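Chain and residue survey
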Amino acid sequence: MRVICQRFEVLVVAVMVALSGSTLPAQDEDMVNELSPFYGFKPLELVKLSNRSANLVSGDFNHDGITDLAIADNAHSRIDLLLQRGAKPANAPAGKVEVNHFASLWRFEHRKLSVDHDIAAMAVGDFNNDGLTDVAYFGGTDKLVIRFQPKTGDWTEKTTIRLPDVPALAWVVLAGDLNSDKRDDLAVLGANQTYLLYQQKDGKLGSPESLFNTSQRLTLGQIADLDGDGRKDLCYLSHDEGEQALAARLQGQDGRLGPELRFEMTKPRSVSIAQLDQSPQVEVLTVDSLTGRVKILQLERPTPKPGELASRLIQYGLGQQAADKSRDIATGDLDGDGLTDVVVADPDAARMIVFKQRKGIGLEQGEAFSGLVGAEQVRMADLDANGAAEVVVLSTKEKTIGVSRMAEGRLTFPQALPMSGKEPIALELADLDADKHADIIYLTKARTARETTYTLEALHRAANGSWEPHQFDGKPSVTLELKASPNRIQRLDLNNDGRPEFLIFGGADKAPTLFSLDEKGVPKELKTEGGIQLGNVQPGAVFFGQLQGPALLVAQDKFVRNMRFDEPTRGWQVADQFNSIEATSKTVGAATLNLDGQPGNEIVLIDVGV
């Protein structure tokens, strides 16, 4: 975004001069009087309203071609329509009749629409494509109501749509053309998701579609063309842990709203949009709460340069924040189109959120599908060699591992795998028998009166498509000696030989344990003998990827280390270290990515401290 201040500063000065005329010298006062017919405002006109009136909007509410006003009057359970008259009526009452008594000016005819509940937010638009301005409002606890303007008579036609979890805030109901079909649509900013109601060809509003929010508090929503491409975009203020940011979802060429872009602001007191010039692009006006200054900003798309990284992150919402923050994420090609898709577990809501990728566009908005309760771990791989990846999920609450796949545009409900009554607690995928197909590996827990036993087991897909226990040197399971309660497994290949190693994590206060497969394919612990250790790290702080060779990246607050296991010394060695230079840095994760399209990966650090 860029700041355009000069013209607005001139406007502010002109208004201040007009308001401060009594303090000017006589010759300047004469100049103001001469210019006053051409600049400034006419005398104040008053309209008497209730002290609980709110949500003022404008539109033509009697199709006479003149702009009218509508306002919610929650003190009297109604909407006040202030219909503008073209001329002063002959029987108009006098304005001020006595001291401290004011009568409404003649300009507006006051009509009233009864409502059944308080109104929190209101918007106007043509919601049935009949050329007339209608009113939409949100009230009660979960009701969106659309009142349709009649060609004659009273406003009796209406539609009520239930939308759960919408906060009772102003400016959360928005109207505009959100898919470039020249019809007004509706957007409602909910607590966990934004509802989109697109107007169909028959003039009726379609079923609500959802966009997952990135924050649970979105306010001051507006619909306008932010980037000047002729398409209406959705923008709002996003509140997250005391911070405010202007967020926008730009409408793409396909008529869909894209992912969220955020533009940081220093605690704006107010944010609005306006079209200040002749271009189709609107400007963003803010009032800084610290300085009181007005800023005018405009969205600018930087010209991409070869080898230069994107200057702004895009964000995809996941809806309601999980209570225990135990979401897991996996990537793979779900539909066999050669593009990487993303699946995110939502354990509290018993569902999986799928972000499919489209060529030339990127990830689509998330779509939720039913799943296991408490599905905290998810992995993806092509298990049946058909070119499309399956989704493997583990639910510790349901003590089940299940497999889902895309079929007819939907992610199927997980098909439970045979567990033989055992309790799985951790999940991973790896090729244990070098047949080029991933096996399903899992840890199980068995309790007795005196102790808890942990075993490693695996399932192998047979030629007939069934799942059979994998044999570790003739045994279906291997008992592991672990010092802490394990909760995650992570597959590695530290020496690039195709034989997997495994890190088993056992809580925040314990370092992960490293296992490798011996010559018989049985997991054995690789015990370190002093020296540098991985430390007490969480699974999210450890990433296995490729740089010039295998790279095990471990984030440790102020730096990230690339670790390797040295067989001769039987210990960890630091291959490289990447430090942050900022005092407030707190690095919580890292990854290897090819960001510039040139040979070789780059390292990306996740820093939550800056």
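Let me begin by describing the structure that accompanies this report. Just so it is clear, the model here is predicted, and its values are computed rather than measured.

Right, let's get into the overall build of the chain. Each helix and strand in the chain was counted, giving two helices and 48 strands. Its C-alpha atoms give the chain principal-axis dimensions of about 105 × 55 × 50 Å. In the chain, which comprises 610 residues, the proportion classed as buried is 43%. When contacts within the chain are restricted to residue pairs at least 6 apart in sequence, long-range pairs at least 24 apart make up 41% of them.

Counting 31 residues, the largest nonpolar core has L144, I146, L163, V173, L186 and V188 as the members making the most contacts within it. Among the elements of the structure, strand 6 (119–125), strand 7 (134–139), strand 8 (143–147), strand 10 (173–176), strand 11 (185–189), strand 12 (193–197), strand 14 (217–224) and strand 15 (233–240) are those that each provide at least two residues to this core. It is strand 11 that contributes the most residues to this core, four residues altogether. Ignoring any residue separated from it by four or fewer positions in sequence, one finds V173 in contact with A121, M122, A123, A136, F138, L144, L186, A187 and V188. Core analysis: the next-biggest nonpolar cluster, separate from the first, contains 20 residues, L526, F544, A551 and V560 among them.

Here we come to the sheet that holds strand 30 (residues 400–404). Adjacent strands of a sheet form backbone hydrogen bonds with each other and so pair up, either parallel or antiparallel. Taken together, the four strands give an open sheet; going across it, the order is 28-29-30-33, and neighbouring strands pair in antiparallel fashion. Looking at which strands have only one partner, the edges of the open sheet turn out to be strand 28 (375–381) and strand 33 (415–416). Where strand 28 lies against strand 29 (residues 390–395), six bridges are found, and the strand directions are antiparallel. In the strand pairing of strand 29, A381 is matched with E390.

Turning our eyes to something else, we now look at the pairing of strand 24 (residues 351–355). For strand 24, the buried fraction is high: four of the five residues fall into the buried class. Joining the antiparallel neighbours strand 23 (residues 341–346) and strand 24 is a turn of four residues, in which A350 adopts a positive phi near 55 degrees. Here strand 24 pairs with strand 27 (residues 367–370) via four bridges, running antiparallel. If you follow V354 over to strand 27, its bridge partner there is E367.

So, on to unusual backbone geometry. The backbone of N129 sits at a positive phi, close to 60 degrees, despite the residue not being glycine. Inspection of the secondary structure puts N129 in the loop between strand 6 and strand 7. The phi torsion at S180 lies on the positive side, around 60 degrees, for a residue other than glycine. With respect to the helices and strands, S180 occurs in the loop between strand 10 and strand 11.

For the rest of this paragraph, the subject is the sheet that holds strand 3 (residues 68–73). Taken in spatial order, the four strands of this open sheet run 2-3-4-5, and their pairing is antiparallel. Each edge of the open sheet is held by one strand with a lone partner, namely strand 2 (53–59) and strand 5 (108–114). Each strand of the sheet is rotated relative to its neighbour by a mean of 20 degrees, with strand direction disregarded. As defined by bridge partners, strand 2 adjoins strand 3 across five bridges and the pair is classed as antiparallel. Considered in strand 3, the bridge of G59 is made with D68.

Rules of the game
- Residues numbered from 1 in each chain as written.
- Predicted model: local features only at pLDDT ≥ 70, side-chain atom pairs only at ≥ 80, totals over all residues.
- Heavy atoms only, no water.
- Helix = DSSP H or I, 4+ residues; strand = E, 2+ residues; numbered from the N terminus.
- Buried < 20%, exposed > 50% of the residue type's maximum accessible area, 1.4 Å probe, protein only.
- Contact = heavy atoms within 4.5 Å.
- Core = buried A, V, L, I, M, F, W, Y, C linked by side-chain atoms within 4.5 Å.
- Pairing = 2+ DSSP bridges.
- Axes fitted to C-alpha atoms, helices over the stretch in contact; angles between N-to-C directions.

From the geometry alone we can't say anything about function, so treat these as descriptive.
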